[in-house]
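Chain residues, written in single-letter form:
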Amino acid sequence: MAPGDTVLVEEPTYLVALQCFTLVGARVVPVGCDGDGVEPSALEEAVRLHRPRLVYLGPTFRNPTGRTMPVGRRRAVASLAARYGFWIAEDDPYRELRYEGRAEPWIASLPEAADRTVLLGSLSKSVAPGLRLGWLRAPGALRRACVTVKGATDVHSSTIDQAAAAAYLTEGDLDGHLKLVRSAYQERRDALLDGLAQCLPPGSQYVRPSGGMFVWARLPDGCDATALLGRAVDQRVAFVPGEPFFSGSPDRRTLRLSFTTHPPSEIEEGLQRLRRAFAQEPT
């Protein structure tokens, strides 16, 4: 990508992706989403208007909302890529963390988009949080260009980390590990969801994800999640305000809750602290 190129993104979208696009001087344009992800009609309208070089999507348990794009919508996006010629970056690090339902196909696996989709993944979500190794699947010519850019950016990823990952993936029981992780994370997700309605202010809404690591919530009109964070920290609990995940006009009522780090007993205590923070009268 060159400075000034347009990137279309879901609204809201992954904060670090927005930071990366800003660093390279891209023009970031948000596209409207609903409960199933990016809306094809809104995407086509944005493509016609802005002629993007790239569309960045997190179709499976998207960060920050936890939502997943169904297969029909994935096919619609792939058809638009074939028709208009834009590239798709399919960011899919949470795919292995599914707790219920059936997996949707990668956009990259659909014939209409196979020659213009970069599929991204990370071992930090499926194997170990500290293993900051990612991977991409892309058409050959683009893959060679990515290798060149990677070398110019940081010379080389950690050889020790790569060797450890290769040994584990070759000799370890990845399927057994993922089964254990999914079981633990599902229990923690359920603990968060079980107490969330009693914790949030009346009139709040939240997404029930079928996988991933996050629950996305929207507080009632008049609330500001960024302003409420200080009250939560006073109770020794925290969340991520939703505002930084928006490339356009932010919805300040939104926030992201992560459930993967703590066991259910600690999540229950965190919810009680969060309830006290939200129940405080503003000073």
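Residues numbered from 1 in each chain as written. Predicted model: local features only at pLDDT ≥ 70, side-chain atom pairs only at ≥ 80, totals over all residues. Heavy atoms only, no water.

K.L.:
Could you give me a rundown of the side chain of Glu11, with the residues and numbers involved?
P.N.:
Topologically, Glu11 is positioned in the loop between strand 1 (6–10) and helix 1 (15–23). Although Glu11 is buried, it forms no salt bridge, and the closest oppositely charged side chain is Arg62 at an N-O distance of 7.9 Å. A polar contact of 2.9 Å, which involves the side chain of Glu11, links it to the backbone nitrogen of Gly248. When residues no more than four places from it in sequence are discounted, the contact partners of Glu11 are Pro30, Val31, Cys33, Arg62, Phe245, Phe246, Ser247, Gly248 and Ser249. (Helix = DSSP H or I, 4+ residues; strand = E, 2+ residues; numbered from the N terminus. Buried < 20%, exposed > 50% of the residue type's maximum accessible area, 1.4 Å probe, protein only. Lys, Arg positive; Asp, Glu negative; His and termini not counted. Salt bridge = Lys/Arg side-chain N within 4 Å of Asp/Glu carboxyl O. Polar contact = N/O pair within 3.5 Å; in protein donor to acceptor, adjacent residues only side chain to side chain. Contact = heavy atoms within 4.5 Å.)

K.L.:
Requested: an account of the packing of aromatic side chains, with residues and values cited.
P.N.:
What the rule picks out here adds up to six aromatic pairs. Summarising the aromatic geometry, the rings of Phe21 and Tyr56 are spaced 5.6 Å apart at their centres and angled 75 degrees between planes, so their arrangement reads as edge-to-face. One end of the pair, Phe21, is in helix 1; the other, Tyr56, is in strand 5 (residues 54–57), with 35 residues separating them in the sequence. Look at Tyr56 and you get buried, because its relative accessible area is 6%. Taking the centre distance of 6.1 Å and the plane angle of 90 degrees together, the rings of Trp216 and Phe245 count as edge-to-face. Taken together, the positions of Trp216 in strand 10 (residues 214–218) and Phe245 in the loop between strand 11 (240–241) and strand 12 (254–258) put the pair 29 residues apart, joining distant regions of the chain. Using a relative accessible area of 2% as the deciding quantity, one classes Phe245 as buried. Above the ring of Trp106, the side-chain terminus of Arg95 is found at 4.4 Å from the ring centroid. In this structure, Arg116 is placed above the aromatic ring of Trp87, and the distance from its NZ or CZ to the ring centre is 5.8 Å. (Phe/Tyr/Trp six-rings, centres within 6.5 Å; stacked < 30°, edge-to-face > 60°. Lys NZ or Arg CZ within 6 Å of the ring centre and 35° of its normal.)

K.L.:
Can you tell me about the pattern of salt bridges, naming the residues and giving the values?
P.N.:
Per the counting criterion, the structure on display carries 16 salt bridges. Between Arg273 and Glu269 there is a salt bridge, with its nearest N and O atoms 3.0 Å apart. Of this pair, Arg273 and Glu269 both sit in helix 9 (residues 264–279), separated by four residues, roughly a single helical turn. Here Glu269 falls in the partly exposed class, since its relative accessible area comes to 35%. Ionic contacts of the salt-bridge type, sharing partners, join the residues Glu100, Arg189, Asp190 and Arg208 into one network.

K.L.:
Let's hear about the sheet that holds strand 2 (residues 27–31): which residues, and what values?
P.N.:
Taken in spatial order, the six strands make up an open sheet running 2-1-5-6-7-8, and their pairing is mixed. With partners counted over all chains shown, the strands left at the sheet margins are strand 2 and strand 8 (134–137), one partner each. Strand-to-strand twist of the sheet, defined as the mean angle between neighbouring strand axes without regard to direction, takes the value 20 degrees. Bridging between strand 1 and strand 5 involves three bridges; their strand directions are parallel. Bridging across to strand 5, Leu8 finds its partner in Val55. (Pairing = 2+ DSSP bridges. Axes fitted to C-alpha atoms, helices over the stretch in contact; angles between N-to-C directions.)

K.L.:
Describe in detail the sheet that holds strand 12, supporting the description with residues and values.
P.N.:
The strands that make up a sheet pair up through hydrogen bonds in the backbone, lying either parallel or antiparallel. As summarised here, the arrangement of the four strands in space is 9-10-12-11, forming an open sheet in which the pairing is antiparallel. Edge positions in the sheet fall to strand 9 (205–206) and strand 11, since each has one partner strand and no second. The pairing of strand 10 with strand 12 spans five bridges and is antiparallel. Note that in strand 12 the partner of Val215 across the bridge is Leu257.

K.L.:
Which residues make up unusual backbone geometry, and what values do they have?
P.N.:
Omega for the bond connecting Glu11 with Pro12 falls within 30 degrees of zero, at 0 degrees, which places this linkage in the cis form. Positionally, Pro12 belongs in the loop between strand 1 and helix 1. Backbone geometry at Arg51 places phi at a positive 50 degrees, although glycine is not the residue there. Within the chain, Val155 stands out as a residue other than glycine whose phi angle is a positive 70 degrees. Inspection of the secondary structure assignment puts Val155 in the loop between helix 5 (140–154) and helix 6 (159–171).

Such coordinate-based values are descriptive only and should not be taken to indicate function.
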